[in-house]
Amino acid sequence: MEIELTHKPSYTHVVVDLEGGESIMAEPGAMVSHTTNVGIDTTTSRDGLLSSAKSMLGGESFLANEFTAEGGRGTITLAPPTPGDVNHHVLDGETLYAVDGAYLASDPEIDIDSEFGGLKSMLAGASITPLALKGTGNVLIEAFGGIEQKELADGETYTVDNEHVVAWTESVTFDARRVGGLKSTLLSGEGLVMDFTGPGTVWYQTRGLDSFMAAIAESFGGGGDQGGDAPDMTDFL
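Could you clarify how one ought to interpret the overall build of the protein chain in this entry?
Counting secondary structure elements, the protein chain contains four helices and 17 strands. Relative to its 237 residues, the protein chain shows a buried fraction of 45%. In the form shown here, the protein chain has an accessible surface area of approximately 11800 Å², with 51% of it arising from carbon and sulfur atoms.

Which parts of the structure should I look at to understand the side chain of Ser 106?
When you line up the elements, Ser 106 lands in strand β9 (residues 103–106). Here Tyr 103 takes part through its side chain, which lies 2.8 Å from a polar atom of the side chain of Ser 106.

What is the right way to read the sheet that holds strand β15 (residues 173–178) from this model?
Remark on secondary structure: sheet strands pair via backbone hydrogen bonds, oriented parallel or antiparallel. Here we have three strands laid out as an open sheet, ordered β13-β16-β15, and antiparallel in their pairing. The open sheet is flanked by β13 (157–161) and β15, the only strands paired with a single partner. The mean inter-strand angle of the sheet, taken between neighbouring strand axes irrespective of direction, is 25 degrees. Pairing of β13 with strand β16 (residues 192–197), which is carried by five bridges, proceeds in the antiparallel orientation. Paired with Tyr 158 across the bridge in β16 is Phe 196.

Looking at this structure, how should I read the pattern of salt bridges?
Note on pairing: side chains with opposite charge can pair once their charged atoms come close. Going through the model one piece at a time under the given rule, you end up with three salt bridges. One salt bridge in this structure joins Asp 85 and Lys 8, with 2.7 Å as the shortest N-O distance. Taken together, the positions of Asp 85 in the loop between β7 (74–78) and β8 (86–98) and Lys 8 in the loop between β1 (2–6) and β2 (13–18) put the pair 77 residues apart, joining distant regions of the chain. The class for Lys 8 is partly exposed, based on a relative accessible area of 41%. The partner of Arg 73 in a salt bridge is Glu 19, with the nearest N and O atoms 2.4 Å apart. Of the two residues, Arg 73 sits in the loop between β6 (64–69) and β7 while Glu 19 sits in the loop between β2 and β3 (23–26), which places them 54 residues apart along the sequence.

Would you mind going over the side chain of Thr 201 with me for this structure?
By the secondary structure assignment, Thr 201 is in strand β17 (residues 200–205). Residue Thr 201 is classed as buried on the basis of its relative accessible area, which comes to 8%. Separated by 2.8 Å, the side chains of Thr 201 and Glu 151 make a polar contact. In this view, Thr 201 contacts Gln 149, Lys 150, Glu 151, Ala 167, Trp 168, Thr 169 and Val 172; residues no more than four positions away in its chain are not counted.

I keep staring at unusual backbone geometry and nothing clicks. Help me out?
Across the chain, the bulk of peptide bonds are trans and the bulk of non-glycine residues have phi less than zero. Note that the residue after Lys 8, namely Pro 9, is joined by a cis bond; omega there is 0 degrees. Residue position: Pro 9 is located in the loop between β1 and β2. For the bond from Gly 198 to Pro 199, the omega torsion is 15 degrees, close enough to zero to count as cis. In this fold, Pro 199 is placed in the loop between β16 and β17.

How do you make sense of the sheet that holds β2 when you look at a structure like this?
Here we have four strands laid out as an open sheet, ordered β1-β2-β7-β4, and antiparallel in their pairing. Across the chains shown, the open sheet's two edge strands, defined by having one partner strand only, are β1 and β4 (31–34). Between one strand axis and the next, the sheet turns by 20 degrees as a mean value, whatever way the strands run. In this structure, β2 lies alongside β7, joined through five bridges in antiparallel fashion. When the sheet's bridge partners are listed, Val 15 is paired in β7 with Thr 77.

About the thresholds
Throughout this description, residue numbers start from 1 for each chain and increase along the sequence as written. Per-residue local features are limited, in this predicted model, to residues with pLDDT of at least 70; the limit for side-chain atom pairs, both in listing and counting, is 80 or more; totals at the level of whole chains, interfaces and linings are taken over all residues. As a convention, hydrogens and water are excluded, and side-chain values are obtained from all of the structure's heavy atoms. Put simply, DSSP H or I for four residues or longer makes a helix, DSSP E for two residues or longer makes a strand, and each gets a number counted from the N terminus. Burial status follows relative accessibility: with a 1.4 Å probe on protein chains alone, a residue under 20% of its type maximum counts as buried, one over 50% as exposed, and anything between as partly exposed. Throughout, the Shrake-Rupley method with a 1.4 Å probe supplies accessible areas, and for residues the shown protein chains are the sole cover considered. By the criterion applied in these results, polar contacts are pairs of N or O atoms within 3.5 Å in which, for protein atoms, one can donate a hydrogen and the other can accept it, and in which residues neighboring in sequence qualify only through two side-chain atoms. Strands qualify as paired when DSSP identifies two bridges or more between them. All axes are obtained by fitting lines to C-alpha atoms, using only the stretch in contact for helices, and the reported angles, taken between N-to-C directions, cover 0 to 180 degrees. Here a salt bridge means any side-chain nitrogen of Lys or Arg lying within 4 Å of a carboxyl oxygen belonging to Asp or Glu. By definition, residues are in contact when any of their heavy atoms lie within 4.5 Å.

Printed below as a string of structure tokens:
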């Protein structure tokens with residue numbers, strides 16, 4: 001399998017060249033195009049990709065599409081649903097954690113499950129349920145906006161707004177908390193943050209989808225003096 005990322009970083013397009021018999025799993029809606037010899041199978045089984053527990057807890061789709069090159073080499077292209085970047089990770093018997101919504105595609109051999117973010121995160125109101133991507137093979141992670149990478153030394157801590165977190169390596173520990181009290185949260189526009197402590201790597205996105213949707217709604221006068229209902233933001237994405 002060969003993977004190429006084009007049009008980075010704003011509108012990243014994933015080109016996957018498969019050998020005959022090779023497959024790649026992807027979230028529904030990720031497929032852009034494919035050669036005629038690529039077959040598609042939609043599955044809900046664990047072998048296909050996602051467990052029902054992960055689907056309910058992590059927020060990802062319960063269904064997954066498996067694309068297989070039949071009778072020779074084939075090509076499948078993929079893209080995220082929103083403008084942004086994609087990172088290609090090659091796992092070697094390790095675990096990569098990603099927030100729900102960041103998963104785009106992976107080798108069928110990658111084990112994907114959900115894990116609670118810990119009692120402190122739940123109590124902080126974060127309700128964080130990271131996806132654990134385990135095993136050996138290719139993983140593609142998507143983001144809204146560009147993806148930044150932060151390398152953390154042993155014991156070094158770095159804080160990222162909850163809305164911007166994308167993924168982190170298994171060696172990194174984290175906790176979620178609120179920024180200040182209710183008054184400061186309302187005035188600053190900030191809410192939940194995640195504190196990551198190294199050693200390891202953290203990836204975060206340069207834009208927040210919720211903030212973007214709020215800005216678009218405000219520009220259309222949703223709930224403002226002009227009256228009327230705010231537009232459905234999914235119509236613009």
